[in-house]
Amino acid sequence: MKQKIALCSLSVILCAICGILLCAAQTSLLPMFVSDSIFVLDLLLCLTVALGACGGPAFGAFFGIYAGILADSTGGFGISILPLFYMLCGYLAYVAADLIPYKKFLVYLATGAILILGRAVVAVIYVMLSSGSVAILDVIRYVCIPLILGSALALPAAYPLGLLLTLPVRKIKHDSIDKIM
């Protein structure tokens, strides 16, 4: 039992560190290399979807809350819905992966694409609430399209990271199923 707790704790600690590193990369390093808002990557959303698809509903949902808080701490305003949205993304990624257990990577990509579109809608809501005098076509052109393209490019790379970070959790689940059968 203590070994299972230690493995889960290790996985959670590694995910927390990885979340901080991705948040720092998303807000500090990537803007230095990518100028004029060509691509805006939401690395935290990609990792949340990967952890939800690979680690299970609780893992994806709890990391989603953590990722939403991290994303808000780097530039959010007031009360935000990002922790709730990311939590929902982590849970829905598990539901989709569990619904269609074969071809998990393709299901992950399809689910991730849909959730990235949802994140673009949330970005539009944020921009429209923070400055109501912006034209909607400008928001789509300068915020939504870069967010969708950048995150879609990062989505396939997040899946192996999600598999690696949830390896201890998946090993515990596999061992528990073997003992039952």
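Now for a quick tour of the structure. (Residues numbered from 1 in each chain as written. Predicted model: local features only at pLDDT ≥ 70, side-chain atom pairs only at ≥ 80, totals over all residues. Heavy atoms only, no water.)

**Topic: the nonpolar core**
Thinking step 1. In this structure, Leu44, Leu45, Leu47, Leu51, Tyr86 and Tyr108 are the most contacted members of the largest nonpolar core, which totals 37 residues.
Thinking step 2. Taken together, the elements giving at least two residues each to this core come down to helix H1 (2–33), helix H2 (43–55), helix H3 (57–73), helix H4 (82–99), helix H5 (104–130) and helix H6 (136–165).
Thinking step 3. Ranked by the residues each element gives to this core, the list is headed by H2, at 10 residues.
Thinking step 4. Beyond its immediate sequence surroundings of up to four residues, Leu51 is in contact with Cys15, Gly56, Phe59, Gly60, Phe63, Gly162, Leu165 and Thr166.
Thinking step 5. Of all hydrophobic cores here, the second largest spans seven residues; its members include Ala120, Ala123, Val127 and Val139. (Core = buried A, V, L, I, M, F, W, Y, C linked by side-chain atoms within 4.5 Å. Buried < 20%, exposed > 50% of the residue type's maximum accessible area, 1.4 Å probe, protein only. Helix = DSSP H or I, 4+ residues; strand = E, 2+ residues; numbered from the N terminus. Contact = heavy atoms within 4.5 Å.)

**A few points about the packing of H4 against H5**
Thinking step 1. Relative to each other, H4 and H5 sit at 160°, their axes nearing to 9 Å. On the basis of their axis angle, the class for H4 and H5 is roughly antiparallel. Helix-helix and strand crossings are classified by hand; for H4 and H5 the assignment is right-handed. Here Leu82, Phe85, Tyr86, Cys89, Leu92, Ala93, Ala96 and Ala97 of H4 come into contact with H5, specifically with Lys104, Val107, Thr111, Leu115, Gly118, Arg119, Val122 and Tyr126.
Thinking step 2. Counted by class, the contact of H4 with H5 contains 12 nonpolar, two polar and two charged residues. (Axes fitted to C-alpha atoms, helices over the stretch in contact; angles between N-to-C directions. Parallel < 35°, antiparallel > 145°, perpendicular 65-115°, else oblique. Left-handed = near helix turned anticlockwise from the far one by under 90°. Nonpolar A, V, L, I, M, F, W, Y, C, P; charged D, E, K, R; others polar.)

**Some details on the side chain of Arg119**
Thinking step 1. Mapped onto the elements, Arg119 comes out in helix H5.
Thinking step 2. Ignoring sequence-local partners within four residues, the contact set of Arg119 consists of Asp42, Leu45, Leu82, Phe85, Tyr86 and Leu147.

**Describing the environment of Cys144**
Thinking step 1. Structurally, Cys144 is set in helix H6.
Thinking step 2. A residue is classified by how much of its surface remains accessible, and Cys144, at 8% relative accessible area, is buried.
Thinking step 3. With residues up to four places along the chain from it excluded, the contact list for Cys144 reads Ala120, Val124 and Val139.

**Description of the environment of Gly150**
Thinking step 1. Within the secondary structure layout, Gly150 lies in helix H6.
Thinking step 2. Look at Gly150 and you get buried, because its relative accessible area is 2%.
Thinking step 3. A sequence separation of 34 residues divides Gly150 from Ile116, and the C-alpha atoms of the two residues are 9.9 Å apart.

**Quick look at a nonpolar patch on the surface**
Thinking step 1. A cluster of nonpolar residues, Ile136, Leu137, Ile140, Ile145 and Leu149, forms a patch on the protein surface that exposes about 450 Å² of accessible area.
Thinking step 2. By the element assignment, Ile145 lies in helix H6. (Patch = residues over 30% accessible without salt bridge, like charges linked within 9 Å, V, L, I, M, F, W, Y side chains within 5 Å. Areas by Shrake-Rupley, 256 points an atom, 1.4 Å probe, with all protein chains shown as cover. Salt bridge = Lys/Arg side-chain N within 4 Å of Asp/Glu carboxyl O.)

**Here we look at the packing of aromatic side chains**
Both the distance between ring centres and the angle between the ring planes are used here to describe each pair of aromatic rings.
Thinking step 1. Scanning the entire structure with this criterion turns up five aromatic pairs.
Thinking step 2. Look at Phe63 and Tyr66: their rings are 5.8 Å apart centre to centre, the planes differ by 55°, and that puts the pair in the tilted class. Here Tyr66 and Phe63 lie together in helix H3, a separation of three residues that amounts to about one turn.
Thinking step 3. Summarising the aromatic geometry, the rings of Phe105 and Tyr159 are spaced 5.2 Å apart at their centres and angled 65° between planes, so their arrangement reads as edge-to-face. With Phe105 in helix H5 and Tyr159 in helix H6, the pair connects residues that are 54 residues apart, well separated along the chain.
Thinking step 4. What makes Phe105 partly exposed here is its relative accessible area of 33%.
Thinking step 5. Put simply, the rings of Phe105, Tyr108 and Tyr159 pair up and form one aromatic cluster. (Phe/Tyr/Trp six-rings, centres within 6.5 Å; stacked < 30°, edge-to-face > 60°.)

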